[in-house]
Each structure stands twice: as C-alpha cells, then as structure tokens.
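Coordinate analysis (summary)
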Amino acid sequence: MTAAARALGRGSMRLGAYLGLVILVAIIIGLVAIGALPAARWAPFADVRVWWFLGEGLLATIQMGVAALVASLILSVPLALARIGAPAPVRAVIVGWIELVRATPVLALVLGIVLFMPRTGLNIPPIWAATLALTIYTSAVLAEIVRAGILSIPRGEVEAARSLGLPYAATMRLVVLPQALARMTPAIVSQLITLVKDTSLASIAAVPELMSFARSSFTFYGNPVETLFVVACIFFVICYTLSRISRRLELHRPADVMPPVLGEEDLQPVVRA
Amino acid sequence: MFGGVILDNLDIFAQAYLTTVILAVGAMALALAIGTLAASIRVWGPPLASGVAGFYVEFFRNTPLLVQLFFYATLFAPRNLGITSDPAVVAIIGLGVYTGAFVTEAIRSGILSVDPRQLEAARSLGLNQVQTLRLVVLPQAIRTVIPPLGNLSIALVKNTSIASAISTREILFVGLLVQSRTFSLEPFVAILAAYWSLTIPLSIAVSRLERRLAFSR
C-alpha cells in the first residue's frame, strides 16, 4: 500500500467512526420515529435545571474518582514494593490480599463496605465508604501494574545505583520509579477509566453520584431510556478523552524503550513497526 | 452455628450460582461471536466499515456496564420496545455486547501480531486466502489472544454481579436478599466464597496457560 493510499484509508476509517456515531444517532431517531421513545420524553432536557441536577451528580462522581485514584496511587507503591522485596511471610500476606481483592467483584466490595460500615460503629458518609471500597480494589490492581513497571527496569540499573553508594530508598526514588512510572502511565490511565466507570456502581448502594441523580431524574420525568442514553454519553466523553490522552502518552514515548506495561483491561495491540 | 443460614437456603443459593455461571458462559459465547466478527471487519474490512467497528469498540468500552444494562432493561421493557422483560436475557445481551468490545480489541491485536510478511510468503508459496488464515495466521494469533481472553473471562465473571442491579437472580442478588431477611453476615461470606470459587481457579488457569504459551513461542 502506498503512503497516499494508507492516508486515504485512515481518512475513511475516521469517516467510518463518525458514520458509527451517525448510525447510533439514527437508531435513536428511528426509535423516536416509531414511537418507542416519544419525543415528549426528551423534552426535560430542554430545561437547564435537569443539566444542573445531573452536573451536581457528576461533581460527586469526579470527587470519588479523583480521591480513589490519589489514595490508590499512594497505597499501590508500598504494596508493590512489599510484594517484590518484603520477607517471605509478609510477602505471602500481601500476595494473598492483592489476589483476593482482585478476585472479588467491585460491586460486592462496594455494597459490602457501604452496608456493613455502620455495623462497625464507624459512621462515615456512604460516598466515602464507597470511595474506600473503590480504593481497596484499585490499589490492588495498581499494585500489580506498579510491580510490573518496577520489574521492567533492568536489574543492572539497580545494581549500578547501589554500587554508586545510593541507599535503597534513593535508588527507588531517583532511578527505578521515575522510569517505571513513565512506562506505567498508559496502564494507570486505563485503570482510571475503569475506576470512573465503576463509580456508577456506588448508586446501587444509594450513594448520591451521577447515576443516582440520573435515577431520581428519570423516575421524576418517567424517561429512563432517554436519561440513561444521556448519562452514557457523559461517561463516554470523559472516558474517551482519557483514553485519547493515554494513547498520546504512549505515542510520545521514545522509540528505544521497552513496550509499556499493560493494565487489566488494556489490550492495546502490540503492533510491529 | 455458623453456616446455618446458608444451609437453610442452600437450594436458592445453588440456583443463583447456576444463574451466574449461565450468565458468564452465555455472555462469553455472545462476546466471542461479536468480537470475532468485529475484529475481522476492523482488520480486513473496508476502511469505512472498520471505522464503524472502531466506534462500537470505543463507545461500549468507555461507558459503564451498569448504565448499559439499565438502558437495555428499560428499552426492552414492555413499556418501550416490548422485546423481553426477562432480566437474565437482558443481562446476557448487555454483558455480551460490553465484553464483545474488549474481545474485539484482543482478537485484533492477536491478528496484528502476525508479521504481514508471513502472509506475503504464504501467498507466494501458493496457499490460498483461507489456507493462509487457517495454517499461518490463526495458529500464531491464538497464542497472543488466549491470555487476554482468559483475563476478560475473569472480568466477565465478576461483571455478572452487576446484573443484580436489574434484578437478575444471581449470586449477589440472592445473597443480599437472604442477608436482608436474616441480618446475618453469613450470606455475604457465601457471596464472596462463591465468586472466589469461580475467579481464583480461572486466574490460576490463565497464568499457567500464559506461562506455557510464552515458553513455546
């Protein structure tokens, strides 16, 4: 294929993506036309107060996502370091913890913690209980990503740093982690996307976030299908933007370094140059 | 006695366990069918169709499964399209279409991992299109595809729990129901144990398979 043909192909592929969007919108319009989704049920979205209402929920969703991400990032580094280098009994406990948490459905964790937290006498608001659950899950997944990132740094570099007299902590901080972090960034962003999507699960535990607000809204107006479509689009805009950022970070890596560490759901193709 | 609540309700727990397995197996079958088709279009289809398949992947991957399941449940309900009001059917469709987007990317990366020069070589040696696919591409692509598909099936088993939100009577739904009637912690322990009994053996199997495939490459 010539370069021109390939560029043309890429152009029509982008056109195809827009076509996909058009098809989706056409299906919705078709459903409206046959009367399955009466136009009247879309009317509430002309009222700016509905958007303010959903926006309030979105704010809570973003709060949960950011708080859980920051806490998970902080927790995942010691977890990963312990899994690599702690004495055997400690390591066994950490491995067991990480594997058990990763084997548990996020929804079960969220419901478990939100429902049983009051029983322990700790009365924290449900939104923070749900954030705690998301943090427990995300930190376990990130710990595996961080571990893979650290192990991807050649051993020679650690040995060289130690021979130069750098203590362990400084070796990690100055040599290993900065390089590992660069390789892990796409995987971390892709986990962030999973996290943003998972915040919606908190609505089942009656946490007031975007999905809960959407449910109140569609119960009031009686337009569930329409509202859920709008909510799906809001999530899509956020998550797709994040995935584009992740793609860009991947493309901007210098060509000579090793392939990036892959995350749980991150299945970006290993395309050969 | 610990376990009493579970023993009393053993029959409905067993039924729920079976439902979870059916959801996972049914959705995976659907996801594999969608994924194979969409990945083929993505790689070999005309650019326009490839772009449409790409939009499917991006849209469904970047939207919460919970929102998708609620969407189908309400859209398919008698009040709107009137297709079905059986939550298990809705859940299988929803889980299948969602997971299918991830499967598409996994299969696509498997196909792309085969060096295009091998295709040229196979064609020059006189193999036809089908033979090239069957004898050269697939045996190699499967090696790359199996580990991510394994991970996706683990994620899928965990995601079946979200079907409880649309009242599918699977493990989480039934467990919480019993929990709310007995105020006992036991059903929750049973929920965790049930999911672990599915996900942990799966993840051990996947990592074993991964190691075997890595060696023989």
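Criteria and thresholds
Residues numbered from 1 in each chain as written. Chains lettered and ligands numbered in written order. Predicted model: local features only at pLDDT ≥ 70, side-chain atom pairs only at ≥ 80, totals over all residues. Heavy atoms only, no water. Helix = DSSP H or I, 4+ residues; strand = E, 2+ residues; numbered from the N terminus. Buried < 20%, exposed > 50% of the residue type's maximum accessible area, 1.4 Å probe, protein only. Areas by Shrake-Rupley, 256 points an atom, 1.4 Å probe, with all protein chains shown as cover. Phe/Tyr/Trp six-rings, centres within 6.5 Å; stacked < 30°, edge-to-face > 60°. Contact = heavy atoms within 4.5 Å. pLDDT = per-residue confidence, 0-100. Core = buried A, V, L, I, M, F, W, Y, C linked by side-chain atoms within 4.5 Å. Expected span 1.5 Å × (residues − 1). Salt bridge = Lys/Arg side-chain N within 4 Å of Asp/Glu carboxyl O. Polar contact = N/O pair within 3.5 Å; in protein donor to acceptor, adjacent residues only side chain to side chain. Nonpolar A, V, L, I, M, F, W, Y, C, P; charged D, E, K, R; others polar. Disulfide = S-S within 2.5 Å.

1. Topic: the overall build of chain A
Each helix and strand counted, chain A has nine helices and zero strands in total. Reading the secondary structure of chain A in the N-to-C direction produces α-α-α-α-α-α-α-α-α. Residues counted as buried form 48% of the 273 residues belonging to chain A. Carbon and sulfur atoms form 72% of the exposed surface of chain A, whose accessible area is close to 13,600 Å².

2. Things to note about the packing of aromatic side chains
The final tally for this structure, using the stated rule, is 16 aromatic pairs over all chains. Ring geometry for A:F53 against A:F213: centres 4.8 Å apart, planes inclined by 45 degrees, an arrangement best described as tilted. Linking A:F53 in helix α2 (residues 48-85) with A:F213 in helix α8 (residues 210-221), this pair joins segments that are 160 residues apart in sequence. A network of ring pairs unites the aromatic residues A:W42, A:F45, A:W51, A:F229, B:F71, B:Y72 and B:F76 as a single cluster.

3. What about the environment of A:I188?
All names here are of chain A. For I188, the location among the structural elements is in helix α7 (residues 168-198). Put simply, I188 and L122 are 66 residues apart on the chain and 31 Å apart in space, counted from C-alpha to C-alpha. Not counting residues up to four positions away in its chain, the partners in contact with I188 are L73, L142, I145 and L181.

4. Some details on the confidence of the model for chain A
Residues and elements named next belong to chain A. When the pLDDT values of chain A are averaged, the result is 84; 88% of them are 70 or greater. The element-level mean pLDDT for chain A is lowest in helix α1 (residues 3-33), coming to 76, with helix α5 (residues 126-151) highest at 93. In the predicted structure, residues 266-273 sits below a pLDDT of 50 and forms 19 contacts with residues beyond four places in sequence or in another chain.

5. Here we look at the nonpolar core
Residues A:V110, B:F71 and B:L172 are the most contacted members of the largest nonpolar core, which totals 122 residues. Here this core takes 14 residues from α5(A), the largest share from any one element. When near neighbours in sequence (up to four residues on either side) are disregarded, B:L172 contacts A:L107, A:A108, A:L111, B:S161, B:S164, B:I191 and B:Y195. Membership of the second largest hydrophobic core comes to seven residues, among which are B:F13, B:A16, B:V174 and B:A190.

6. Focus: the environment of B:I204
On the secondary structure map, B:I204 appears in helix α9 (residues 186-215). Sequence-wise, B:I204 and B:I191 are 13 residues apart; in three dimensions their C-alpha atoms are separated by 20 Å.

7. What to know about helix α4 (residues 65-76) of chain B
Residue and element names in this part refer to chain B. For α4, spanning 12 residues, the distance from its first C-alpha to its last is 16 Å, which sits close to the expected 16 Å at 1.5 Å a residue. In terms of burial, α4 is largely enclosed, as 11 of its 12 residues are buried. Every buried residue of α4 is listed here: L65, L66, V67, Q68, L69, F70, F71, Y72, T74, L75 and F76.

8. Quick notes on the interface of chain A and chain B
Taken together, the contacts link 59 residues of chain A with 50 residues of chain B. If you look at where chain A meets chain B, you find one salt bridge. A:R247 is the salt-bridge partner of B:E58, the closest N and O atoms lying 3.7 Å from each other. At the junction of chain A and chain B, the tally comes to seven residue pairs in polar contact (both at pLDDT 80 or more). Broken down by secondary-structure element, the contributors of at least two residues to the side of chain A that touches chain B are α1, α3 (88-102), α4 (106-116), α7, α8 and α9 (224-251) of chain A. The element contributing the most residues to the side of chain A that touches chain B is α1(A), with 13 residues. A breakdown of the residues in the side of chain A that touches chain B according to their chemical character gives 39 nonpolar, 11 polar and nine charged.

9. Quick look at the pattern of salt bridges
All names here are of chain A. Scanning all chains against the criterion turns up 12 salt bridges over all chains. Among the ionic pairs, R147 bridges to E144, the shortest N-O distance being 3.6 Å. Here R147 pairs with E144, and both are found in helix α5, just three residues apart, close to one helical turn. Residue class for E144 comes out buried when judged on its relative accessible area of 14%. Within the structure, one salt-bridge network assembled from shared partners comprises R83, E99, R102, E144 and R147.

10. A few points about the side chain of B:Q68
All names here are of chain B. Position of Q68 relative to the elements: it lies in helix α4. You can call Q68 buried: its relative accessible area is 6%. If sequence neighbours within four positions are ignored, Q68 has contacts with F60, T63, G94 and Y98.

11. Observations regarding the state of the cysteines
Residue and element names in this part refer to chain A. Scanning all chains against the criterion turns up zero disulfides over all chains. The thiol sulfur of C233 is not disulfide-bonded, and the nearest other cysteine sulfur, from C239, lies at 12 Å. The buried category is assigned to C239, whose relative accessible area is 0%.

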